[in-house]
Every structure is written in C-alpha cells, then in structure tokens.
Amino acid sequence: MAEIAQGGGNDKGGKVRSKKVSTRVDMTPMVDLGFLLITFFLLTTTLQKPVTMFLGMPAKDKEKEKVETSPIKESEAITVLLAKKDGEDTVYWYQGTGKDVATTQVEKTSFAASGGLRDVLRRKKAEIGDKFFVVIKSKDEASYKSLVDVLDEMAISEIDKYGITDINLNDIKIIDKAEAGK
Amino acid sequence: MAKVKVKRHGVSMDMTAMCDVAFLLLTFFILTAKMRPQEAVQVTTPNSVAQEPLAAIDVITVLVSADGKIFMGVDNHQVRLGMLEQMSKRYNVAFTDPEKEAFRLSENFGAPMANMKQILDMDPAERNKPGVQPGIPSDSVRNELFYWVATARQYFGSQGAKYKVLIKADQNAPYKVVKQVIATMQEQDVNNFNLITGQETKPTSM
C-alpha cells in the first residue's frame, strides 16, 4: 500500500528511472475517522423525539352550565388526588363526592404497571361502564410529572371522560387522613 | 505432478468504497440533524404515551422550569418583534434597535418587563446561563404572561396563522405554576393546549 519510497542510492550509471509509486493510499484510518464521526453524531443527537399530548380544558363560562345539565352521579365518578410527601409523588383515589371526610374510603395507589392506578381504573371502568368519570385534583406542590402520568393512565385505559379541577379543602383533609393512616 | 499452489491474496482490502459510504452517511446525518435551539432554560419533560408529533411552526411555547419559573417563546421572528413593540408600549419601556434585534433572535425569554432591557443588553451566551433570567411574572398582581400571550395571539391572528399553544414543563415543576399558566390562558379563552412530553411506549392493554 502506501509506502514512502526510500530514495535508492545505487547509481549504476544507467538511466535514472523514476520509481513508480503506487497511487493507492491506505484508506483504513480515514474510514475509522468517518465511522467515529458518525458514531459521535448519532450519540449526540437527541434520540427522543418530543411528542405532544392534547389537553382540552372546558371553557370557563360554559363550565357551570355543563355541571348543571349533566351532573355526575356519585357512584359513577372516582377522584384521583395528587400530592407530594417527603419529596415523593403520591397518588390517592376515592369514590364518591368526598364531602364527608370521615366516611370516604380513600386508598393510596401508585403509577406502577400492575397493582396501581391502572388496575383501579380498569376495574372501575368495567364495573361502572360507559358513564365512568374520573376527576383529577392535584395539590399545588405535586409535580407536573404526576399530572402527565395520570393523563397517560387515562389514555392507556381509554377513558375519555375526565376532568381536571381545583382541589378543595375537603380533598386536602382526605389526603391528610390517608397519610395519617399510613 | 506439480503442486497446486494456493494463491496468496493480500490481506489489505481496498477501503475506498467503505470510506465513501462512511462519509456519505456522515454527511447525511449532519445535514438531517436539526440544531437544537439555544434555550434560556433546561427543561426535562416527563414521558407520555402520546403519539402526536410536535408541530414546529406557528407555536406559542410556554416553558416552566423545575423551580417554577415561566419562560415563553414564539417561533415567528415577525411576531416576536410585534410582541416586544406592544409590550414596550404597555409597560413604558423603550428598546433600542440592538435590543430589539437581540429579542428577535432569542428563542425564548423569561424576564419581567422591568428587567427586560438589562437582559437584552447581555451577551446571548451570558443571557442563557441558568439562573440569569428570573422568569415572567404571572401572578394576579402583575400578570405579564397574560399580555405576552395576548399580543402573540393577536399577531398570529393578524397573519391568519393557526397557532398552537404548547406547554413545556419540567417533570419536577410544581403543579401550582402549571395551573397558573393554564388559568392565565383560560382567561383569554384559550382552552386547548398541547403538552410537550417525551415518548414512551404504550403498554398493551389487556
């Protein structure tokens, strides 16, 4: 391959022949460099392409109207509560209105693939059927991740009836009760 | 009988073709890769199973950082200039031409109008360092985010563009700030949002 021609010093007095040097160059290091750069660019470009999740909120003035025309039955709705405790995101759920703190059965759950919120939603959806409604309420300090996780669970369980509303004092009490119970 | 001599092949191969392929691929990747815009804040989005790809044109992006600061960005340079014009009138802050140019070129910003001049006078590299920009105020006393979004919508509307409102919040951003952003939007009848998230595979439903 590419070798540097050593100047032969043997003059035999004959014709000075220019030595034929091969025009072929060893491409191996160049190939190495090429692939190194490819690898570098592949690794540095972001692998994850961002996607968007649609979130439609009810128009503010129409909200009241809606509630009046189609009130949700207590037995058909569950509430998912999001909170944060000791820097950890926590999630609770209960069925019903939650107006009476003492009698509301609140349960702690998680975003685990099994034995978590997903199972709860699936079970309740099968139990209640078409009219199943999920109310999502989040405490101020809860992280945005858990909100996205809940919305994700809705997409996974194919629940299209859900709403995000502000948390009220009763719900905070319910969360406190659930935390105290642990 | 003469021995059959196995012809010796040289072990060195012709690498030219391989080299061509390598550089072709390299060129392809360089050309197709999109430069990541320099953002004023580093945001790690949570992942979701959503499928819809991110729209890149005619978007109003509101960013929420992990510590709850609000930033905003508009992709259209013309709209950016218009926004700054309107806001400088509203808050009586006059901007010089270099400052306007700096604003036009900045992908997103997060400063109250009171500090905007000072932030725009900074070097772009300096400006985008974490912690330099304090975020856009969005509380009820001084809701600048409201007017930023309102002017942006107004300019998109005047161009006849169908804009989208994107919310890009950090996974550790407190819900309170996200709620505040959504409430600010709802005050001006923007009820549909797109949350920017990373991609996650959807678990098979049973």
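Residues numbered from 1 in each chain as written. Chains lettered and ligands numbered in written order. Predicted model: local features only at pLDDT ≥ 70, side-chain atom pairs only at ≥ 80, totals over all residues.

Undergrad: Is there a simple way to explain the overall build of chain B in this structure?
TA: Counting its regular elements, chain B contains seven helices and six strands. Taken from N to C terminus, the helices and strands of chain B fall in the order α-β-β-β-β-α-α-α-α-α-β-α-β. Relative to the globule expectation of 17 Å for 206 residues, the C-alpha radius of gyration of chain B, 25 Å, shows a markedly less compact shape. Overall size of chain B, expressed as C-alpha extent along the three principal axes, is 105 × 55 × 35 Å. (Helix = DSSP H or I, 4+ residues; strand = E, 2+ residues; numbered from the N terminus. Rg over C-alpha atoms; globule rule 2.2 N^0.38 Å.)

Undergrad: Sorry, what's going on with the interface of chain A and chain B here?
TA: It is common to give the size of an interface as the accessible area that goes away when the parts come together. Facing 41 residues of chain A, the contacting portion of chain B comprises 47 residues. When contributions to the side of chain A that touches chain B are tallied by element, the ones reaching two or more residues are helix 1 (28–44), strand 1 (51–56) and helix 4 (144–156) of chain A. Here the side of chain A that touches chain B takes nine residues from helix 1 of chain A, the largest share from any one element. Across the side of chain A that touches chain B, the residue classes tally to 25 nonpolar, nine polar and seven charged. Pairing of strand 1 of chain A with strand 2 (residues 52–53) of chain B, which is carried by two bridges, proceeds in the antiparallel orientation. Its bridge partner being in strand 2 of chain B, Thr52(A) is matched across the sheet by Glu52(B). (Contact = placed C-beta atoms within 7 Å. Nonpolar A, V, L, I, M, F, W, Y, C, P; charged D, E, K, R; others polar. Pairing = 2+ DSSP bridges.)

Undergrad: Would you mind going over the sheet that holds strand 3 (residues 88–95) of chain A with me for this structure?
TA: Hydrogen bonds between backbone groups are what pair the strands of a sheet, and the pairing can be parallel or antiparallel. Residues and elements named next belong to chain A. Pairing is mixed across the open sheet formed by five strands, whose spatial order is 4-3-2-5-6. This sheet does not close on itself; its edge strands, each paired only once, are strand 4 (106–109) and strand 6 (162–165). With strand direction ignored, the average angle separating the axes of adjacent strands in the sheet is 25 degrees. For strand 3 and strand 4, the ladder comprises four bridges, and the chain directions are antiparallel. Pairing of Tyr 94 across the sheet is with Val 106, part of strand 4. On the sheet, helix 3 (residues 117–128) packs against strand 2 (77–85), strand 3 and strand 4 and is oriented at approximately 15 degrees with respect to strand 3. Strand contacts of helix 5 (residues 169–181): strand 2, strand 3, strand 4 and strand 5 (133–138), with the helix running at about 65 degrees to strand 2, the strand carrying the most contacts. (Axes fitted to C-alpha atoms, helices over the stretch in contact; angles between N-to-C directions.)

Undergrad: It is not clear to me how the environment of Tyr92(A) should be interpreted in this structure. Could you clarify?
TA: Residue and element names in this part refer to chain A. Mapped onto the elements, Tyr 92 comes out in strand 3. The exposure class assigned to Tyr 92 is buried, which follows from the 21 C-beta atoms found within 10 Å. For the pair Tyr 92 and Val 106, spaced 14 residues apart in sequence, the C-alpha separation works out to 6.7 Å. Non-local contacts of Tyr 92, meaning those with residues more than four positions away in its chain, are made with Leu 81, Val 106, Glu 107, Lys 108, Thr 109, Ile 175 and Ala 178. (Buried ≥ 20, exposed ≤ 12 C-beta atoms within 10 Å, placed from the backbone.)

Undergrad: Hey, could you run me through the packing of helix 2 (residues 77–91) of chain B against helix 6 (residues 144–158) of chain B in this one?
TA: Helix-helix packing is characterised by the crossing angle of the two axes and by the distance between the axes. Residue and element names in this part refer to chain B. At a minimum axis separation of 9 Å, helix 2 and helix 6 run at an interaxial angle of 130 degrees. Classified by the angle between their axes, helix 2 and helix 6 sit oblique to one another. At the point where helix 2 passes helix 6, the crossing takes the right-handed sense. For the pair helix 2 and helix 6, the contacting residues are Val 79, Gly 82, Met 83, Gln 86, Met 87 and Arg 90 in the first and Tyr 147, Trp 148, Thr 151, Ala 152, Tyr 155 and Phe 156 in the second. Looking at the contact of helix 2 with helix 6 residue by residue, the class counts come to eight nonpolar, three polar and one charged. (Parallel < 35°, antiparallel > 145°, perpendicular 65-115°, else oblique. Left-handed = near helix turned anticlockwise from the far one by under 90°.)

Undergrad: Explanation requested: the pairing of strand 4 (residues 70–74) of chain B in the structure shown.
TA: Regular strands show a simple pattern: their side chains alternate between the two faces of the sheet. All names here are of chain B. By the criterion of burial, strand 4 is predominantly enclosed, with five of the five residues buried. By the alternation rule, side chains of strand 4 split into Ile 70, Met 72 and Val 74 and Phe 71 and Gly 73, which are all buried. Summarising the sheet, strand 3 (residues 59–64) and strand 4 pair through five bridges and their orientation is antiparallel. The partner of Thr 61 across the bridge, within strand 4, is Gly 73. The loop that links strand 3 with its antiparallel partner strand 4 comprises five residues; one of these, Gly 68, has a positive phi angle of about 85 degrees.

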